[in-house]
Amino acid sequence: FGDELIGRLRRPWPDLKVLVLTGHGEVLDREAPAWWRSEARLTKPFQIQALRDTVAALVADQPARPDAALV
């Protein structure tokens, strides 16, 4: 489960940037867990440009827009 993995990784690296890729975005949007709302994310399928833009925003330390460019 992604949220558990993110939590474990952030213990030693609290500033770790995470990009969540999922095929279950509609379920997570509906359930709206706090971790889901706070992470950069893309819902499959996504365009390669959306992946590039999101990674670039993470590297530049800018807030990433969730699901910026879906197919």
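Refer to the structure presented above.
Structural notes, computed from the coordinates. All of these numbers come straight from a predicted model, not from anything done at the bench.

**Thoughts on the nonpolar core**
Ile 6, Val 18, Val 20, Leu 28 and Trp 36 form the largest nonpolar core, which has 5 residues in total. Among residues more than four places away in sequence, those in contact with Trp 36 are Val 20, Thr 22, Gly 25, Leu 28, Asp 29, Arg 41 and Thr 43.

**Quick look at helix H4 (residues 48-59)**
Taking 1.5 Å as the rise per residue, H4 with 12 residues should run 16 Å; its terminal C-alpha atoms sit 16 Å apart, in good agreement. Burial in H4 covers these residues: Ala 50, Thr 54, Ala 57 and Leu 58. Taken down its axis, H4 places every buried residue within 100 degrees of arc, on the same side. Looking at the buried side of H4, the elements it contacts are strand S1 (19-22) and strand S2 (40-43). Backbone geometry just downstream of H4 places Asp 61 in the positive-phi region, at approximately 65 degrees.

Quick notes on the rules
- Residues numbered from 1 in each chain as written.
- Predicted model: local features only at pLDDT ≥ 70, side-chain atom pairs only at ≥ 80, totals over all residues.
- Heavy atoms only, no water.
- Core = buried A, V, L, I, M, F, W, Y, C linked by side-chain atoms within 4.5 Å.
- Buried < 20%, exposed > 50% of the residue type's maximum accessible area, 1.4 Å probe, protein only.
- Contact = heavy atoms within 4.5 Å.
- Helix = DSSP H or I, 4+ residues; strand = E, 2+ residues; numbered from the N terminus.
- Expected span 1.5 Å × (residues − 1).
- Arc of directions from axis to C-beta.

The analysis is restricted to geometry; functional conclusions fall outside its scope.
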